[in-house]
Amino acid sequence: IAARGGDMEKRCVLHGDALPGSHRGYDGAVILGGAMSANDDGKFPNLAPMRDLLRDFHGADKPLLGICLGSQILARCFGKTVRRHSELEFGYVPLAKTSAAERDALLLGLPQPAIMQFHEDTFDIPDEGEQLLAGTGCANQAFRIGRATYAFQCHFEATQPIVDHWITVCDSSLRHRLGAKADLVITATRNDNKQKAAAQRSFAETVTDRWIDLIGA
């Protein structure tokens, strides 16, 4: 966004920032990840008004881009369930593009690298949505609704230093949640981060650049 000359306003609602009152004055919104569940309305009272706000953006045809928790929030915005996945999905995971992705403004003609994952929940694709990416372990990885509302379960935004930071800071939590396979998964992710981060970065830059084009359109 900065490279394209755009202005960004960051709202960290977990840390007490207020949500915008409406979509007016904004051209689009990016909804990032977080440690909470998209179902935690009781613990995080901003989640319900956030869903109203995002539906407001969608109704005004202003592009949305949800990543990880952000994708799950968008699934809830359009009436679908977010639930616990069978296991923690962590590491660079191969994904497959659907036939809809081959016609999609963000993914058309784009190579599909393995993408970093770090989540325990998953979602159902909204009825009006088109699935764009699929995984073998966690099936629903990306969808689009309408012209410009996008949801990606995978963390394509994570740079090599961010993934290294996650591995270090979350070591004890990862080992607890991954159990017996923790050493294997963490070692593989550390190695993959050296080998696969560049391809993911290229994917991320192309996808976000094309998403910004939707704002201009």
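Before any of the text, the structure's been laid out above.
Description of the structure in this document. Predicted, not measured: the structure shown is a model, and the values here were computed from it.

Within helix H3 (residues 160-169) the residues assigned to the buried category are Val163, Trp166 and Ile167. Buried residues of H3, viewed axially, fall in a sector of 95 degrees; they line one side. The exposed residues of H3 that point more than 90 degrees off its buried face are Pro161, Thr168 and Val169. Where H3 is buried, its residues touch strand E3 (82-93), strand E5 (115-123), helix H4 (171-178) and helix H5 (182-216).

For the rest of this paragraph, the subject is the sheet that holds strand E1 (residues 29-31). Reading across from one edge, E1-E2-E8-E7-E6-E4 is the order of the 6 strands in this open sheet, with mixed pairing throughout. The strands lining the two open edges of the sheet, one partner per strand, are E1 and strand E4 (96-97). Two elements, strand E2 (residues 64-67) and strand E8 (residues 149-152), share 4 bridges in a ladder whose sense is parallel. Bridged to Ile67 within E8 is Phe152. Contacts from helix H2 (residues 69-77) reach E1, E2, strand E7 (140-145) and E8, with the element oriented near 120 degrees to E2.

Quick look at the layout of surface pockets now. Put simply, the second largest pocket is a space of about 520 Å³. Gly34, Ala35, Met36, Cys68 and Phe118 are, among the 22 residues lining the second largest pocket, the residues nearest its centre. At the level of secondary structure, the elements contributing two or more residues to the lining of the second largest pocket comprise H2, E3, E5 and H3.

On to the side chain of His155, then. Here His155 is to be found in the loop between E8 and H3. Assessed through its relative accessible area of 6%, His155 is described here as buried. Among residues more than four places away in sequence, those in contact with His155 are Ile67, Cys68, Ile115, Met116, Gln117, Phe118, Trp166 and Gln200.

Below, the discussion takes up the pattern of salt bridges. Across all of its chains, the model carries 21 salt bridges by this definition. The shortest N-O distance in the salt bridge between Asp213 and Arg4 comes to 2.8 Å. In this pair, Asp213 sits in helix H5 while Arg4 sits in the segment before E1, placing the two residues 209 residues apart along the sequence. For Asp213, a relative accessible area of 39% puts it in the partly exposed group. On the basis of relative accessibility, which here comes to 41%, the residue Arg4 falls in the partly exposed class. Here Asp121 and Arg84 are joined by a salt bridge, their closest N and O atoms 3.3 Å apart.

Conventions used here
Residues numbered from 1 in each chain as written. Predicted model: local features only at pLDDT ≥ 70, side-chain atom pairs only at ≥ 80, totals over all residues. Heavy atoms only, no water. Buried < 20%, exposed > 50% of the residue type's maximum accessible area, 1.4 Å probe, protein only. Helix = DSSP H or I, 4+ residues; strand = E, 2+ residues; numbered from the N terminus. Arc of directions from axis to C-beta. Contact = heavy atoms within 4.5 Å. Pairing = 2+ DSSP bridges. Axes fitted to C-alpha atoms, helices over the stretch in contact; angles between N-to-C directions. 1 Å grid on protein atoms, 1.4 Å probe; cavity = no way out; pocket = protein on both sides within 12 Å on 5 of 7 lines; lining within 4 Å. Points joined across faces, edges and corners; volume = space filled by probe spheres on them. Salt bridge = Lys/Arg side-chain N within 4 Å of Asp/Glu carboxyl O.

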